[in-house]
Amino acid sequence: MAQEIEIELKQLLMKEEFEQLKQHFELKDADFHTQTNYYFDTPQFDIKSQFAALRMREKDGHWVLTLKEPHEIGLLETHQTIAPPSRLDDFELPEGEVADRLDHLNIQKDQIVYFGSLETSRAEKMIQEGLIVLDHSRYLTVEDYELEFEVSDLEIGQAAFSALLDKFHIPVRNTKNKVVRFYEEKMKTQNR
């Protein structure tokens, strides 16, 4: 089973802050690549109600289905390589590691539906304490900017992350992960 623990610190950015960090880490436009996350849940949001998320995306020519679940430290990610989907609206969850984890969560797999997509332009830069990720995302009617910091040691990562935010005078903001921001915006647009 392809599983990993992801320890990730996040910070929403203003566009100016994003540009400052881009310059500081010497990232050029050519360093950014675009990826699209396709999100799935049941109509009753059974996956979301367990603070989990199910997404699919193409990466390096392969389609990968990922289930993210809460873990004591960070998130438990279960990855499964799948065949390219022919259509998203009638996507059927394939058997395998992700389906097994959904069974463990008591999610009705036949109820899973496609909810929408989020496109991200992403650049990454490895530093001593971990992986710096700058994301510029677009979904529904929203465009946002985000700094992610992937680390192997939470304590060291938090200290380095706080120092970076302080250095650039970036205030700490309550930053929800992308799928939560996507779902909140989706619910707003449905209620209009």
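Residues numbered from 1 in each chain as written. Predicted model: local features only at pLDDT ≥ 70, side-chain atom pairs only at ≥ 80, totals over all residues. Heavy atoms only, no water.

Per the stated rule, a full pass over the model turns up 14 aromatic pairs. Geometrically, the ring pair formed by Y38 and Y114 is tilted, given 6.3 Å between the ring centres and 45° between the ring planes. Separated by 76 residues along the polypeptide, Y38 in strand β2 (residues 33-41) and Y114 in strand β6 (residues 113-127) bring together distant segments of the chain. A relative accessible area of 17% means that Y38 is categorised as buried. (Phe/Tyr/Trp six-rings, centres within 6.5 Å; stacked < 30°, edge-to-face > 60°. Helix = DSSP H or I, 4+ residues; strand = E, 2+ residues; numbered from the N terminus. Buried < 20%, exposed > 50% of the residue type's maximum accessible area, 1.4 Å probe, protein only.)

Along the polypeptide, R57 turns up in strand β3 (residues 53-59). For the buried residue R57, which engages in no salt bridge, the nearest side chain bearing the opposite charge is E77, 6.7 Å off. At 3.1 Å, the side chain of R57 forms a polar contact with the side chain of N37. Excluding anything up to four places from it in sequence, R57 contacts Q35, T36, N37, H62, W63, V64 and R122. (Lys, Arg positive; Asp, Glu negative; His and termini not counted. Salt bridge = Lys/Arg side-chain N within 4 Å of Asp/Glu carboxyl O. Polar contact = N/O pair within 3.5 Å; in protein donor to acceptor, adjacent residues only side chain to side chain. Contact = heavy atoms within 4.5 Å.)

Moving on: the pairing of strand β8 (residues 142-151). Along β8, seven of the 10 residues are buried, which leaves the element largely enclosed by surrounding structure. As paired strands, strand β1 (residues 2-13) and β8 are joined by seven bridges and run antiparallel to one another. Within the sheet, the bridge partner assigned to K10 lies in β8 and is E148. Sheet topology note: the strand β7 (residues 130-139)/β8 ladder contains nine bridges and is antiparallel. Each residue of the ladder has a partner; that of R138, found in β8, is E143. Counted between consecutive antiparallel strands, the loop separating β7 from β8 contains two residues, among which L140 sits at a positive phi close to 50°. (Pairing = 2+ DSSP bridges.)

Note that every value here comes from positions in space, so none of it alone points to a role or purpose.
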